[in-house]
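# An overview of the molecular structure
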Amino acid sequence: MILDYFVILMTSLAFYTILVLALNLAVGFTGLINLGHMVFFGIGAYTSAILTTHGIPWYFAFILAGLLASVLGTLIAAITVRLKGEYFAMVTLGLVFIATAISRNWISLTRGALGIPGVPDIIRDNFYYMIFSWAVAGLCILFLYKLTNSETGKVLQAIRDDETAAAILGKNTYFYKVLSIAISTFFAGIAGSLFAHHINFVDPSVFDLEFFIFVISMLIAGGLASLKGSIVGVFGLSIVSEAMRYIVVSPSLIGAVRDIVYVVILIIILIYKPKGIFGKVDV
Amino acid sequence: MPSLSILPQLIVNGLIAGSIYALAASGFSLAYYVIRFLHFAQGAAIAIAAYALFTLSNQVGLNGILSILLTISIAVAATLLMNYAVYTPLRKRKATGVILLISSLAILTFTASLIRALFGPSTKTLLLSKHNKSFDFGLFTITSIQLAIIISAVLLFLLLWILMRKTRLGKAMRALSDNKEVAQVVGINPEKIYTYTFIIAGIFAGISGILIGLEQNLYPRMSVIIIVKGFISSVVGGINSVPGAIIGGLFIGLVENLGIWFLPSGYKDAISFSILLLFLLLRPRGILGRGMRDDT
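Counting restarts for each chain: residues are numbered from 1 in the order of the written sequence. Labels follow written order: the first chain is A, the first ligand is 1, and so on. At least 70 in pLDDT is required for a residue's local features to be given in this predicted model, at least 80 for side-chain atom pairs to be given and counted, and no such filter applies to totals for whole chains, interfaces and linings, which use all residues. Values reported for side chains reflect all heavy atoms of the structure, with hydrogen atoms and water molecules removed beforehand.

### Looking at the overall build of chain B
Strands here are runs of E lasting at least two residues and helices are runs of H or I lasting at least four, both read from the DSSP assignment and numbered beginning at the N terminus. Per the secondary structure count, chain B includes 11 helices and two strands. Along chain B, helices and strands appear, N-terminal first, in the series α-α-α-α-β-β-α-α-α-α-α-α-α. Projected onto the principal axes, the alpha-carbon positions of chain B cover approximately 60 × 45 × 35 Å. Only protein chains enter the calculation, and the probe is 1.4 Å; a residue is then buried if its accessible area is under 20% of its type maximum, exposed if over 50%, and partly exposed in between. Across the 296 residues in chain B, those meeting the buried criterion constitute 55%. About 12200 Å² of surface is accessible on chain B, with carbon and sulfur atoms providing 67% of the total. Positive charges come from Lys and Arg alone, negative charges from Asp and Glu alone, with His and the N- and C-terminal ends not counted. For charged residues, the charge sits on one atom: NZ in Lys, CZ in Arg, CG in Asp, CD in Glu. Each charge sign in chain B was given a centre, from 23 positive and 9 negative side chains, and these centres are 7 Å apart. Areas reported as accessible are Shrake-Rupley estimates using a 1.4 Å probe. Residue values count occlusion only from the protein chains shown.

Given below as structure tokens:
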């Protein structure tokens, strides 16, 4: 019983870790405030759900979830990364609303508000699915660790700190920004696929602002431009979230109280500790 | 394609929807113009107003006028509280506009969750809307609340124009908007003007919350749904122009409703969001807007 609970919780922490690390690459390391991160998570989740419920093998759907998210991410980035901070944030926020509208209305594909139930398990045994999810998360951590410590990672951070200077030094900042979003959205899509196979269900609520606020709270609490921070942020806020299950008596209130607590934590951090726990840069 | 005879009704529906968007956009746009950040929490203030009116008139049973006046005061108080508790400390530590935007989105979801916790997830109807009368003009019908919404949007447009162009406060707002440092040098106290801005935004939120609450039902996520349309209207109308928000609202309302001619009504949202993206990418200054401070 307790072990089951632990296994299920740890599995969700794996895809949250991937999702938050991916967001950190764009927001923390490159300075691109992508408020539409959940769109790519949702695309990954829907891709996996739609393909596997139509009999396509999971490994194919899993890879395609990442690739499709990344292709769309790259296309959108190619058009939008030239926009200055606030406008980039606005466009990416607009994407969230478009994704919501499409997922609710393209009923023949997404079943609209009903969502897609019966997304098959990748691995029937929850314990081995947890191991699998963390293996994927481990690869993601390793890849991002290598990337952020590489020459490319240095360029991304240079762009964040002073784009003009990076450009003067001969770096093609446009290419690097698009690259950052391409990688970030790939991992968001992969996280979405893991999520869909974990809860066996996808509906338009993946695009809800509440969900994004939860994810960005984990990022900001852990600290921007710190991989360690993101992992700590995911574990820390998830523990808070789970604790709420036992503190809040009425089950119908849990969701609402949880969302309220995240917001309070997020705003306190934004005001008093803008670097988060391990962050290297101010938000 | 539907027959031509429903065209007048579609246009009227577009005007009504557009006026609702314009109401939502007005305070949002004013805050952006003066303070330079996207005040999404305006949607929270609108929802708070609607639920305040629900509590005062449905549950407490106060009479119409009194509950309306109290509702507007509550919306102003809520907006000032957001400024005092969240925005002012963030501005003090020189947070960027994007951080203010994220905190504003956080207030928005906070309010939706708080309303869900306090009032439950079900939709609510205001008792005051029982007085609503319907007028049939042959080509189209319209209710008294819908008329009030359109008239309010037009009045707000005029009031905003007078405020910005003809008053000392408007002058100070424009000065701050143009150049904060220079405005401070000539003796304008930004924090004081910001407080006035939030008071006005709060009044707009109160009026919008009442009218939108009377026209539609109340539900916890109304804060999010309403301000998203307000946001789109502001951008399309010109986020650097306060009256532009009203024009943008009407434009979006009309296009959405006339779009039903070609597309199923479920795609209303998709239409307006696509327009938003087109404007952000091709004409970020919007219909009325002038060049922006950090235009790209």
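### Things to note about the domain arrangement of chain A
Residues and elements named next belong to chain A. The assigned domain composition of chain A is domain 1 (2–207) and domain 2 (209–283). In this document the domain limits rely on a domain assignment from an automatic tool or a database. Using C-alpha coordinates to define each centre, domain 1 is positioned 19 Å away from domain 2. Note on definitions: a residue-residue contact is assigned when non-hydrogen atoms from the two residues lie within 4.5 Å. Between domain 1 and domain 2, the contact holds 30 residues from the first and 22 residues from the second. On the domain 1 side of the interface with domain 2, the three residues burying the most area are Tyr 5, Tyr 16 and Val 20, jointly 24% of the side's total. Note on definitions: salt bridges are taken to be side-chain nitrogens of Lys or Arg within 4 Å of carboxyl oxygens of Asp or Glu. The interface formed by domain 1 and domain 2 holds zero salt bridges in total. We call two N or O atoms a polar contact when they sit within 3.5 Å, provided that within protein one can donate a hydrogen and the other can accept it, with sequence-adjacent residues counted only if both atoms are side-chain atoms. At the surface where domain 1 touches domain 2, the tally comes to five residue pairs in polar contact (both at pLDDT 80 or more). When contributions to the side of domain 1 that touches domain 2 are tallied by element, the ones reaching two or more residues are helix H1 (2–29), helix H2 (37–53), helix H6 (126–148) and helix H7 (151–161). Accessible surface is computed with a 1.4 Å probe, and the buried area is the amount of it that two parts give up when combined, taken over both parts together.

### Some thoughts on the confidence of the model for chain B
Mean pLDDT for chain B: 88, with 97% of residues reaching 70 or above. Summary of the metric used: pLDDT quantifies the predictor's per-residue confidence within the range 0 to 100. Predicted confidence is poor over residues 292–296 of chain B, with pLDDT under 50, and the contacts of this stretch with residues over four places away or in other chains come to 12 contacts.

### Section: the pattern of salt bridges
What the rule picks out here adds up to seven salt bridges over all chains. Salt-bridge contacts for Asp 208 of chain A lead to Arg 221 of chain B; the nearest nitrogen and oxygen are separated by 3.7 Å. Remark: Arg 221 of chain B occurs in the loop between helix H8 (190–215) and helix H9 (222–237) and Asp 208 of chain A occurs in the loop between strand S2 (201–202) and helix H10 (209–222); the pair is interchain, linking two chains. Classification of Arg 221 of chain B as partly exposed rests on a relative accessible area of 27%. Residues Arg 221 of chain B and Glu 210 of chain A are paired through a salt bridge, measuring 2.7 Å at the closest nitrogen-oxygen approach. Taken together, the residues span two chains, with Arg 221 of chain B in the loop between H8 and H9 and Glu 210 of chain A in helix H10. Taking the relative accessible area as the measure of exposure, Glu 210 of chain A reaches 11% and is therefore buried.

### Focus on the packing of aromatic side chains
Residue and element names in this part refer to chain A. Only centres within 6.5 Å qualify two rings of Phe, Tyr or Trp (six-membered ring in Trp) as a pair; their planes then separate them into stacked at under 30 degrees, edge-to-face at over 60, and tilted for everything else. Counted by the stated rule, this structure contains 32 aromatic pairs over all chains. Through a chain of ring-to-ring contacts, three or more aromatic side chains come together here, namely Phe 15, Tyr 16, Phe 41, Phe 195, Phe 211, Phe 214 and Tyr 262. Comment: the charge-over-ring label is applied if NZ (Lys) or CZ (Arg) is within 6 Å of the ring centre and within 35 degrees of the ring normal. The residue whose ring lies beneath Arg 82 is Tyr 174, and the NZ or CZ to ring-centre distance is 4.1 Å.

### Thoughts on the interface of chain B and chain A
Contacts between the two partners involve 47 residues from chain B and, on the opposite side, 40 residues from chain A. Of the roughly 3700 Å² buried between chain B and chain A on both sides combined, carbon and sulfur atoms contribute 77%. The tally of links between chain B and chain A comes to three salt bridges. Run the count over chain B and chain A and you get four residue pairs in polar contact (both at pLDDT 80 or more).

### Here's the deal with the side chain of Ser 103 of chain B
With respect to the secondary-structure elements, Ser 103 of chain B resides in helix H4 (residues 97–119). Exposure remark for Ser 103 of chain B: the relative accessible area of 1% places this residue in the buried category.

### Details of a nonpolar patch on the surface
All names here are of chain B. Patches draw on residues past 30% relative accessible area with no salt bridge. Two like charges within 9 Å are joined, as are two nonpolar side chains (Val, Leu, Ile, Met, Phe, Trp, Tyr) within 5 Å. A contiguous nonpolar surface patch, about 830 Å² in accessible area, is contributed by Phe 135, Phe 137, Leu 147, Ile 151, Val 154, Leu 155, Leu 158, Trp 161 and Ile 162. In terms of residues, the nonpolar patch owes the most to one element, helix H5 (residues 144–166), which gives seven residues. Within the secondary structure layout, Ile 162 lies in helix H5. Classification of Ile 162 by relative accessible area gives partly exposed; the value is 41%.

### Thoughts on helix H10 (residues 242–259) of chain B
In this scheme, a helix's expected span is set at 1.5 Å multiplied by one less than its residue total. For H10 of chain B, which comprises 18 residues, the first-to-last C-alpha distance of 26 Å matches the rise-based estimate of 26 Å (1.5 Å per residue) to within 8%. For H10 of chain B, the capping residue at the N-terminal end is Ser 241 of chain B, with a side-chain oxygen 3.0 Å from the backbone nitrogen of Gly 244 of chain B.

### Some words on the packing of H9 of chain B against H10 of chain B
Residues and elements named next belong to chain B. The axes are straight lines fitted to the C-alpha atoms, using for helices just the contacting stretch, and the angles between their N-to-C directions are given from 0 to 180°. Across the interface, H9 lies against H10 with an axial gap of 7 Å and an inter-helix angle of 110°. On the basis of the axis angle, H9 is roughly perpendicular to H10. Between H9 and H10 lies a crossing whose hand is right-handed. Here Lys 229, Ile 232, Ser 233, Ser 234, Val 236 and Gly 237 of H9 come into contact with H10, specifically with Gly 244, Ala 245, Gly 248, Gly 249, Phe 251, Ile 252 and Glu 256. Any angle from 65 to 115 degrees is called roughly perpendicular, while one under 35 is roughly parallel, one over 145 is roughly antiparallel, and all others are oblique. Crossings are sorted by hand: turned counterclockwise from the far helix by less than a right angle, the near helix makes the crossing left-handed, and turned clockwise it makes it right-handed.

### Some words on the environment of Val 224 of chain B
For Val 224 of chain B, the position within the fold is in helix H9. Judged by relative accessible area, which is 4%, Val 224 of chain B ranks as buried. Separated by 191 residues in sequence, Val 224 of chain B and Tyr 33 of chain B place their C-alpha atoms 21 Å apart. Not counting residues within four places of it along the chain, the set of residues in contact with Val 224 of chain B comprises Leu 209 of chain A together with Leu 108 of chain B.

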